[in-house]
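Each chain, written out:
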Amino acid sequence: MSEILKSEQSASSVKHLELEATPSPAYLDSDELILNMGPQHPSTHGVLRVILKLDGEKVMGTECVIGYLHRGVEKIAEHRTYAMFNPYVDRMDYVAAVSNGLGYCEAVEKLLNIEAPPRAQHIRVILAELNRLASHMLWLGTHALDIGAITPLFYTFRDREEILKIFEKYCGARLTTHAFRIGGCLYETYEGFEDECRNFVKFVRPKIDEYETLLTTNRIWVERTKGVGYISGDDCKAMGVTGPVLRASGVKWDIRKAQPYSGYQNFDFDIPVGTNGDTYDRYLVRIAEMRQSLRIIEQAVEKLPEGPVMAKVPKVVKPAVGEVYHGIESPKGELGYFIVSDGSTQPYRIRVRPPSFVNLQALDMMVRGALVADVVAVIGTIDIVLGEVDR
Amino acid sequence: MTMKKLLRKVLLLDLLQGLSLTFRYQDPKEIYTEQYPLQRPEVAERYRGAPRLNVNPDTNETLCIACDLCALACPEHLIVVTSERNEKTRRKELTTFTYDLSRCMFCGLCEDACPTDALELTQDFELANYTREGAIWDRQTLEQGPQPTVYKK
Ligand code: SF4
Ligand code: SF4
């Protein structure tokens, strides 16, 4: 199966589908069928519309229509001060709001040439890793649900709740957290924060084993995911795909290791890589990543230094003329912010490089030649959030 | 295929493993669902919910000094503060304060900006309303806070 896919899926075969608005009579004679999937289809994880070109059950090609959730976040930034724009970034990838905020704050800090104090960096790492767990848990639950396994959803959401409780106690919101400020963190940790994190790690380790009991050897799961949605490492690189999808194809690239930020160089963790580049491997990589995140949280809590949580930041953030790019490893891949400053209090331009948007491009490569039911599995396995795709 | 693998497959061990896990969670102890509205969740102390304009508990005077900092800090520009200069004390005094909840994203920037802790986001989270106008709170509502119906068993 994967051999056929390989030959059909070289980068050159990715071309824009010429879809006609109204099929011509000649077109109707052919066996091919154009089918709309979404934008309200539950398994498209939001408002994604996929136009499928089908030959029977076989997918001949796809085209993604996006923009249903476009809110113009990048444009809004041009009319807000640097501090004011901070809450908006939470609303891009709303299941990983902490990572979004971390990337934005660090990018502005880079522009201002300041660095968050060590304690703030540790708190940031703890929260960002908790957020990675939360994001992967949500992904696992919904992805399994798409393929037909309903039970993991309840367990992952139950355990994610514990993370959201920590967020709520730390910064007062569960989803759109606005946890960090430019220059560090606004909030000191609350009483019992360290213990709660430690207990959480202890609590969730066996739970991840439970998810594996439910899925890893389950024959239905294996049948539905092994060999489905294959993509090679080279194709991933050609498309700019990052995150677990890239790593499952055997490319060992993680920005936390390659270009450490926020003190990730001080922690000991591995980058799980897959070999086959299929849906099953992406599942295994994410599960392994969850375990690594727990390791990082443990170390960060142990090493949590004393000190201030906020660097000295001018009251009015007014960076010098210049531009900066800063990328972090969000749960879904490389999340980058490119900020152009014209020396005023408002950014001249902010461009976000969202991992979901770039990874979604690989959908066509992954599903060509597969069956319709696999499209659902592949959309799930890329782990997209439409808020981030459309911004 | 080895004998062990074959046996596992024939005996449906992979599926039974999962099923046994599910059955372990049948214990009533494991019930996780909250019975809202009878059972109201306790939100954290730092929770950012409904806004409140604090008054001095002794004198019942507002703590707000009408400095307008909250309105300036808000990314959505949804707070409108008007004030009047008191000729006797030569100080600004708050006259009206409107807060458009329908546009608020509860980011907390206004709360951070307030120099006197007058504006505060509280633990009230039930903000549903029948009209759009009802989402625009005036000074009186802000000082009283929302009055949601509380259901009891
Ligand atoms: S919470 Fe945020 S959006 Fe709401 S009024 Fe305050 S600053 Fe504005
Ligand atoms: S910042 Fe505080 S004191 Fe100033 S106008 Fe707003 S609520 Fe009143």
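Note that this is a predicted model, so its numbers are computed, not measured. (Residues numbered from 1 in each chain as written. Chains lettered and ligands numbered in written order. Predicted model: local features only at pLDDT ≥ 70, side-chain atom pairs only at ≥ 80, totals over all residues. Heavy atoms only, no water.)

Asks: Help me out: how do you make sense of the overall build of chain A in this one?
Replies: Each helix and strand counted, chain A has 17 helices and eight strands in total. For chain A, whose C-alpha radius of gyration is 21 Å, the value lies close to the compact-globule estimate of 21 Å for 391 residues. Along the longest, intermediate and shortest principal axes, the C-alpha atoms of chain A span 70 × 50 × 35 Å. Residue pairs at least 24 apart in sequence account for 72% of intrachain contacts in chain A once pairs closer than 6 positions are excluded. Element-wise, carbon and sulfur atoms account for 55% of the exposed surface of chain A, whose accessible area totals about 15000 Å². Charged side chains in chain A number 45 positive and 52 negative. The centres of these two groups are separated by 4 Å. (Helix = DSSP H or I, 4+ residues; strand = E, 2+ residues; numbered from the N terminus. Rg over C-alpha atoms; globule rule 2.2 N^0.38 Å. Contact = heavy atoms within 4.5 Å. Areas by Shrake-Rupley, 256 points an atom, 1.4 Å probe, with all protein chains shown as cover. Lys, Arg positive; Asp, Glu negative; His and termini not counted. Charge placed at Lys NZ, Arg CZ, Asp CG, Glu CD.)

Asks: Before we go on, may I ask you to explain the pairing of strand S3 (residues 58-65) of chain A in this structure?
Replies: Strand residues, when the strand is regular, have side chains that alternate between the two faces of the sheet. Residue and element names in this part refer to chain A. Here seven bridges tie strand S2 (residues 49-55) to S3, and the two strands are oriented antiparallel to one another. Within S3, the position partnered with Asp-55 by the bridge is Lys-58. Where S2 folds back onto S3 in an antiparallel hairpin, the turn is made up of two residues, including Gly-56, whose phi is positive at roughly 65°. (Pairing = 2+ DSSP bridges.)

Asks: Just to check I follow, could you spell out the packing of aromatic side chains for this structure?
Replies: By convention here, two paired aromatic rings are described through the distance between centres and the angle between planes. Residue and element names in this part refer to chain A. In the structure shown here, the tally under the stated rule is 13 aromatic pairs over all chains. Summarising the aromatic geometry, the rings of Tyr-170 and Tyr-187 are spaced 5.9 Å apart at their centres and angled 75° between planes, so their arrangement reads as edge-to-face. Linking Tyr-170 in helix H7 (residues 151-171) with Tyr-187 in the loop between strand S5 (184-185) and helix H8 (193-215), this pair joins segments that are 17 residues apart in sequence. The buried category is assigned to Tyr-170, whose relative accessible area is 0%. Judged by centre distance (5.2 Å) and plane angle (70°), the rings of Trp-221 and Tyr-283 are edge-to-face. Taken together, the residues Trp-221 in helix H9 (residues 219-225) and Tyr-283 in helix H13 (residues 279-303) connect sequence positions 62 residues apart. Chaining the aromatic ring pairs together yields one cluster made of Phe-85, Tyr-88, Tyr-104 and Tyr-337. (Phe/Tyr/Trp six-rings, centres within 6.5 Å; stacked < 30°, edge-to-face > 60°. Buried < 20%, exposed > 50% of the residue type's maximum accessible area, 1.4 Å probe, protein only.)

Asks: When you look at the interface of chain B and chain A in this model, what are you seeing that I'm missing?
Replies: Where interface size is quoted, it is often the accessible area lost as the parts come together. Contact with chain B, which involves 29 residues of that partner, is made by 35 residues of chain A. Around 2600 Å² of area is buried between chain B and chain A when both sides are counted, 52% of it from carbon and sulfur atoms. Joining chain B to chain A, the criterion identifies one salt bridge. Counting across the interface, chain B meets chain A through 14 residue pairs in polar contact (both at pLDDT 80 or more). (Buried area = accessible area lost by both parts, 1.4 Å probe. Salt bridge = Lys/Arg side-chain N within 4 Å of Asp/Glu carboxyl O. Polar contact = N/O pair within 3.5 Å; in protein donor to acceptor, adjacent residues only side chain to side chain.)

Asks: How do you make sense of the side chain of Asp-93 of chain A when you look at a structure like this?
Replies: Residue and element names in this part refer to chain A. Its place among the elements puts Asp-93 in the loop between helix H4 (82-89) and helix H5 (97-112). We classify Asp-93 as buried; its relative accessible area is 1%. Excluding residues within four positions of it along the chain, Asp-93 makes contact with Asn-100, Lys-332, Val-385 and Glu-388.

Asks: Help me understand the pattern of salt bridges in this model?
Replies: Residue and element names in this part refer to chain A. In the structure shown here, the tally under the stated rule is 32 salt bridges over all chains. Note that Arg-198 is salt-bridged to Glu-302, the shortest N-O span being 3.0 Å. With a gap of 104 residues between them, Arg-198 in helix H8 and Glu-302 in helix H13 connect regions that are remote in the sequence. Residue Glu-302 is classed as exposed on the basis of its relative accessible area, which comes to 55%. Salt bridges linked by common partners bring Glu-129, Arg-132, Arg-247, Asp-254, Arg-256, Glu-289 and Glu-329 together as one network.

Asks: Please explain the UniProt feature "domain: NADH-quinone oxidoreductase subunit D" (unreviewed entry) in chain A as it appears in this structure.
Replies: Sequence positions flagged by UniProt for "domain: NADH-quinone oxidoreductase subunit D" (unreviewed entry) are, in local numbering, residues 146-319 of chain A. For residues 146-319 of chain A, the end-to-end C-alpha separation is 46 Å, with 54% helix and 2% strand making up the annotated structure. (UniProt positions renumbered as here; feature names shortened; annotations may be inferred.)

Asks: Looking at this structure, I do not really get the sheet that holds strand S8 (residues 347-353) of chain A. What am I missing?
Replies: The strands making up a sheet are joined through hydrogen bonds of the backbone, oriented either antiparallel or parallel. Residues and elements named next belong to chain A. What the three strands build is an open sheet, ordered S6-S7-S8; its pairing is antiparallel. In this open sheet, the two edge strands, each paired with only one partner strand, are strand S6 (322-330) and S8. Put simply, the sheet's adjacent strands are angled 15° from each other on average, direction ignored. The sheet contact formed by S6 and strand S7 (residues 333-341) spans nine bridges and is antiparallel. Within the sheet, the bridge partner assigned to Glu-329 lies in S7 and is Glu-334. Across the face of the sheet, H4 comes into contact with S7 and S8 while running at roughly 155° to S7. (Axes fitted to C-alpha atoms, helices over the stretch in contact; angles between N-to-C directions.)

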